[in-house]
Amino acid sequence: MHVTAIIAAGGAGRRIGAARPKQLLEIAGRTILQRSVEAFARHSRITDVIVALPAELVANPPDWVDRWAKVRIVAGGATRQASVAAAFDILAPLAEVILVHDAARPFVSEQLITRCIEAAGAHGGAIAAVPVRDTVKQVIMAGDERTIAGTIPRESIYLAQTPQAFRRDVLTKAVAFGRSGADGTDEAALAELAGYRVHIVEGDIENVKITTPEDLERARRREAQSAPGRVGTGYDLHRLVEGRALVIGGVTIPFEKGAFGHSDADVACHAATDAVLGAAALGDIGGHFPDTDPRWKGASSLDLLRQSVSLVVDAGFGIENLDVVIVLERPKIAPHVPGIRANLAAALGISPERVSVKGKTNEGVDAVGRGEAIAAHAVALLTQFVLCSES
Ligand code: MG
């Protein structure tokens, strides 16, 4: 069955108070429009997607549109009804079921789209809607006074969402009705006016419409909480020479050699610092603490790690965990692992249970294996916990 999704994004939607049209505001890295369109483009039962955009955007569409062969763009109208009519005019001849979706609902689920497709196929027209949970009052308005005329049985009240799905013949009549001057706040209203019985499909309370700045803030917080996190990797190597202390993770380990470098040459801290900075895409240790700067000569690398953590926290991230591998031939670091973990954890501001430190030899191979150098690898996971304000 050929199923087309029409995404109505024609309005400028500046009610939200931002400089950009509402549909171009981002939630966790993707715009509201992109999220809405991709929910349908990704769906296996959707054959093609027509997006009705404001004229200014049609001339300069977002880059991601090109990634989807099944997505087409059309200039929308001043109202949702006009935008849907414009999209209707370029429907593929074979389109049998058409879903209309409001671009301001970016969290539409795959299951809800499927339910709408099936209900439209079975009944001709069906919309997503959610039952009212609160008691509903009929109110009489007289000037500033509001009094209750009665209580409406809430079982009979549903709040309309989108998608709204129709067989082609039904939508054809609804659009024609709209063009003849009828004014519907949604496509279902036009289909009702045209005499069709439109069915209700169980909607989804997560399928919210982003209308106000508070809606946007709530949506961003929700996405930030459910985000998988950001991972970063770090690597460091220093030569081992006589006459230097061997400092690993802030622990001075008795040995005949130490790591050579401008600071204390602590490979565990340096790799950890790069992992943490890398996960936040905030550059690297050399950029923040250049060894040409006398301020960092002999600096404690635990301090540099601590300062890097501050940068990352200021950028809105929290640190979940750190895993470090230290590669050196001698001495054995096992006895010092608890101290290294405790130091790294303190610098990161997390508990030692979230910090792992492993020792490894290089089996006598290459400079590390010959005991001429020490190296470390680190991986850090960050979660985003502060939201940047948008305009
Ligand atoms: Mg280093």
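Rules and cut-offs
Residues numbered from 1 in each chain as written. Predicted model: local features only at pLDDT ≥ 70, side-chain atom pairs only at ≥ 80, totals over all residues. Heavy atoms only, no water. Helix = DSSP H or I, 4+ residues; strand = E, 2+ residues; numbered from the N terminus. Rg over C-alpha atoms; globule rule 2.2 N^0.38 Å. Buried < 20%, exposed > 50% of the residue type's maximum accessible area, 1.4 Å probe, protein only. Contact = heavy atoms within 4.5 Å. Areas by Shrake-Rupley, 256 points an atom, 1.4 Å probe, with all protein chains shown as cover. Lys, Arg positive; Asp, Glu negative; His and termini not counted. Charge placed at Lys NZ, Arg CZ, Asp CG, Glu CD. Phe/Tyr/Trp six-rings, centres within 6.5 Å; stacked < 30°, edge-to-face > 60°. Lys NZ or Arg CZ within 6 Å of the ring centre and 35° of its normal. Pairing = 2+ DSSP bridges. Axes fitted to C-alpha atoms, helices over the stretch in contact; angles between N-to-C directions. Salt bridge = Lys/Arg side-chain N within 4 Å of Asp/Glu carboxyl O. pLDDT = per-residue confidence, 0-100.

1. Observations concerning the overall build of the protein chain
- Across its full length, the protein chain carries 12 helices and 18 strands.
- In terms of overall dimensions, the protein chain is more spread out than a globule: its C-alpha atoms have a radius of gyration of 30 Å, far above the 21 Å expected for 391 residues.
- The dimensions of the protein chain, computed from C-alpha atoms along their principal axes, are 90 × 55 × 35 Å.
- Taken over 391 residues, the protein chain has a buried fraction of 47%.
- The contacts of the protein chain with a sequence gap of at least 6 include a subset with a gap of at least 24, amounting to 71%.
- A total of about 19,100 Å² of accessible surface is found on the protein chain, and carbon and sulfur atoms cover 53% of it.
- Separation between the mean location of the 42 positive side-chain charges and that of the 46 negative ones in the protein chain comes to 3 Å.

2. A look at the environment of K22
- The residue K22 is located in the loop between strand 1 (3-8) and strand 2 (26-27) in this model.
- Owing to a relative accessible area of 12%, K22 belongs among the buried residues under this scheme.
- It is 9.8 Å that separates the C-alpha atoms of K22 and P213, two residues lying 191 residues apart in sequence.

3. So, the packing of aromatic side chains
- The final tally for this structure, using the stated rule, is one aromatic pair.
- Considering the side-chain rings of F289 and W296, the 5.0 Å spacing of their centres and the 90° angle between planes classify their relative orientation as edge-to-face.
- According to the relative accessible area criterion, F289 is buried, its value standing at 9%.
- A cation over a ring is seen here: R222 above F107, with NZ or CZ 4.0 Å from the ring centre.

4. Digging into the pairing of strand 18 (residues 373-384)
- Across 10 bridges, the pairing between strand 12 (residues 230-242) and strand 18 is antiparallel. Each residue of the ladder has a partner; that of G232, found in strand 18, is A380.
- Bridge count between strand 16 (residues 317-327) and strand 18: 10 bridges; the pairing is antiparallel. Bridging across to strand 18, V327 finds its partner in A375.

5. Comments concerning the side chain of D48
- If you trace the backbone, D48 turns up in strand 4 (residues 48-53).
- Sequence-distant contacts of D48, that is, excluding residues within four places in its chain, are made with H2, V3, T4, A5, K70, R72 and A92.

6. Side note on the sheet that holds strand 7 (residues 125-131)
- Pairing is mixed across the open sheet formed by seven strands, whose spatial order is 5-4-1-6-10-7-11. The open sheet terminates on both sides in strands that have one partner only, identified here as strand 5 (71-75) and strand 11 (199-202). Within this sheet the neighbouring strands show an average axis-to-axis angle of 30°, counted without direction.
- The pairing of strand 6 (residues 97-102) with strand 10 (residues 158-167) spans four bridges and is antiparallel. By the bridge assignment for strand 10, V100 is matched with Q164.
- Packing of helix 4 (residues 110-123) onto the sheet brings it into contact with strand 1, strand 6, strand 7, strand 10 and strand 11, and relative to strand 10 it is tilted by some 60°.
- Packing against the sheet, helix 5 (residues 168-179) makes contact with strand 6 and strand 10, and its axis sits at approximately 115° to strand 10.

7. Comments concerning the pattern of salt bridges
- Under the criterion given, the structure shown has 19 salt bridges.
- Measuring nitrogen to oxygen at the nearest pair gives 3.7 Å for the salt bridge that ties R72 to D48. Placement of R72 in strand 5 and of D48 in strand 4 is noted, with a sequence separation of 24 residues between them.
- A residue is classified by how much of its surface remains accessible, and D48, at 9% relative accessible area, is buried.

8. Digging into the confidence of the model for the protein chain
- Looking at the protein chain as a whole, the pLDDT averages 92, with 96% of positions reaching at least 70.
- The secondary structure element of the protein chain with the lowest average pLDDT is helix 7 (residues 213-226), at 86, and the one with the highest is helix 8 (residues 267-279), at 98.

9. Overview of the environment of A194
- As for its placement among the helices and strands, A194 is situated in the loop between helix 6 (187-193) and strand 11.
- Residues in contact with A194, not counting those within four places in the same chain, are K173 and F177.

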